[in-house]
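# Coordinate analysis (summary)
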Amino acid sequence: MSEPVLYDAQGPRGRRRTRIGTAVAVVLLAGLAFLVVRRLADAGQFSMELWGPLIDPGNEAFDAVWRLIRVGILNTLKAAAVAMVLSVVLGTLIAVARLSLGRVGRIPLTGLVEVLRGLPVVVLVYFGVRVLDDVGVDLGGLPGGQVFWGLVLGLTAYNMVVFAEVIRAGVASLPRGQREGALATGLTPGQTMRIILLPQAFRVMLPALISQLVVVLKDTSLVTFVANYDELLSQGRSIQRNLDNPIQTFTVIALIYIAMNYTLGRLAQWVQARQARAGRVSRATTATAVTAAATGPAHVAGGGA
Amino acid sequence: MSPVFDNLDLFVEGFLTSLGICLVAMVGSLVLGVAIAACRVSPVPPLRALGAFWVTTFRNTPLSLILFFCAFGLPELGVNRSFWFFGVLGLILYTSAFVAEAVRAGINSVPAGQAEASRSLGLTFGQGLRTVVLPQALRTVVPPLGNVIIAMFKNSAVVGAFGVGGDLWSTGQTLTSARGLETLPIFTGVAIGYLLITLPAGALLQVLERRVAIVR
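Residues numbered from 1 in each chain as written. Chains lettered and ligands numbered in written order. Predicted model: local features only at pLDDT ≥ 70, side-chain atom pairs only at ≥ 80, totals over all residues. Heavy atoms only, no water.

Interfaces are often sized by the amount of accessible area the parts lose when they come together. Listed as interface residues are 64 residues of chain B and, on the opposing side, 62 residues of chain A. In this assembly, chain B packs against chain A so that about 5200 Å² is buried in total across both faces, 69% of it on carbon and sulfur atoms. Three residues, N60(B), L77(B) and K154(B), lead the burial of chain B against chain A; their summed loss comes to 12% of the area buried on that side. On inspection of chain B and its partner chain A, the count reaches zero salt bridges. The interface formed by chain B and chain A contains eight residue pairs in polar contact (both at pLDDT 80 or more). Looking at the side of chain B that touches chain A, the elements that each hand over two or more residues are α3 (45–59), α4 (63–76), α5 (83–109), α6 (112–120), α7 (125–164), α8 (168–178) and α9 (183–212) of chain B. Tallying contributions element by element places α7(B) first for the side of chain B that touches chain A, with 15 residues. The residue makeup of the side of chain B that touches chain A, split by class, is 41 nonpolar, 16 polar and seven charged. (Contact = heavy atoms within 4.5 Å. Buried area = accessible area lost by both parts, 1.4 Å probe. Salt bridge = Lys/Arg side-chain N within 4 Å of Asp/Glu carboxyl O. Polar contact = N/O pair within 3.5 Å; in protein donor to acceptor, adjacent residues only side chain to side chain. Helix = DSSP H or I, 4+ residues; strand = E, 2+ residues; numbered from the N terminus. Nonpolar A, V, L, I, M, F, W, Y, C, P; charged D, E, K, R; others polar.)

Moving on to the nonpolar core. With 127 residues, the main nonpolar core has I69(A), V122(A), V125(A), F225(A), V226(A), W169(B) and Y194(B) as its most contacted residues. Counting residues per element, this core draws most heavily on helix α6 (residues 146–173) of chain A, at 17 residues. (Core = buried A, V, L, I, M, F, W, Y, C linked by side-chain atoms within 4.5 Å. Buried < 20%, exposed > 50% of the residue type's maximum accessible area, 1.4 Å probe, protein only.)

Moving on: a negative patch on the surface. A cluster of acidic residues, D133(A), D134(A), D138(A) and E182(B), forms a negative patch on the protein surface. As for its position among the elements, D133(A) is in helix α5 (residues 121–134). (Patch = residues over 30% accessible without salt bridge, like charges linked within 9 Å, V, L, I, M, F, W, Y side chains within 5 Å. Areas by Shrake-Rupley, 256 points an atom, 1.4 Å probe, with all protein chains shown as cover. Lys, Arg positive; Asp, Glu negative; His and termini not counted. Charge placed at Lys NZ, Arg CZ, Asp CG, Glu CD.)

Along its sequence, chain A is organised into domain 1 (12–43) and domain 2 (73–233 + 281–300). Computed over C-alpha atoms only, the centres of domain 1 of chain A and domain 2 of chain A are separated by 44 Å. (Domains from an automatic or database assignment.)

With that settled, consider the packing of α4(B) against α5(B). All names here are of chain B. Running from N to C, α4 and α5 cross one another at 135°; their axes reach a closest spacing of 9 Å. Judged by the angle between their axes, α4 and α5 are oblique. For α4 against α5, the interelement crossing comes out right-handed. Mapping the contact onto sequence places L63, I66, L67, C70, A71, L74 and P75 in α4 and F83, F86, G87, L89, G90, L91, L93 and Y94 in α5. Residue composition of the contact of α4 with α5, grouped by class: 13 nonpolar, two polar and no charged. (Axes fitted to C-alpha atoms, helices over the stretch in contact; angles between N-to-C directions. Parallel < 35°, antiparallel > 145°, perpendicular 65-115°, else oblique. Left-handed = near helix turned anticlockwise from the far one by under 90°.)

Structure follows, in structure tokens:
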């Protein structure tokens, strides 16, 4: 949280206005909450019949429901983790290639990055799961199965180019002296990249990388529109179809997603704060890098679904 | 690619439907997002809490889950509307959180000294906001906000996948599953449809970014 820039520390009159505003807002929000709760209660949405299977360990369906959810969480994490690792590796390769090739050699890579970044992730997942299968690429033999790898490849196709941009911005944000110094000490350009530039770029960009993990995690749910894969959202849907309690089930599933993603978001913030404190990365560098991360790897913010 | 050209009219129709979803969702999420951002930077604690709650909830939930919640949850409460309505509503809720974050970051990026200086010059709060803080904030907000809107256009595919019907994605689905056409050419056509918007929009945004950039 940064300091508010719009107003000073308030004087007595300002504080009074704030108190009045607070009172009004509390009344309005409480009224709104009351209306929602009454609507829910009127529709019988608080009955244990609907909530029981999700929150009451004594309920006969409780164990089965949570077994489904556990499997869902595991599958979501598995797909996200594999896609993440692949994306980082491939993204780094693309970034390095883009940085070391000449003006002309870069063109196909730039095109690839722009195209993949401009496509909806759900379309890429469709390509991974359905189209690859139809054109005869058989992923079924791999451990995990065809849908899993289709999903992973779809997610990777999108996220590797996002990472490529993140890493490129990271390298670009390093002081020029780093590269010049490395070259002057006799390192080859390849060594300079590997030993000097990339490690620092990764460190600067670590928060952005962690934030992107949130996008990957959310995007695993897109597979539910394309094929059967038992990730968290699909499991939620089958629970909801069996118990006929959409509000309750989807609330619980949403809370699980929020808990996972919020934790990752806080982790990213913490890493960033730690870097700023440690002073390993000069403040200016972090600032430019983070702005670049916010604007450069474009759709990071609104990234996935 | 002939399956695409044979059905070009369907593709064009789908493209326009996608665009329509986006225009409505764009207006909705910009209005809602700016309101949420205003809550988050206001001096009133409950409003700040509301803003933080909103952003945390909708940014960390997959859009697909929000859509399911709207489409299956709301009818339980007696809200019966079309899938189109629920789809656009879900897209607005989801995108508003990202709009709010972009706007808030823009406002916070204006150095405190600017507002302080405008106050010491004797400008009122409103004048300072209008003539000093907001013009600078708006410029910083343009690039991230543009990215959010581009991402929203891509996310309209999710809204289509969820069953709105008639948009670019659904056109591809209909042609491949109902009519049994091959997936590769059809979905290449779908992909090109999305690129037709996202690539020029991205390029435009870069130009705009250079135009409005402020050197600090």
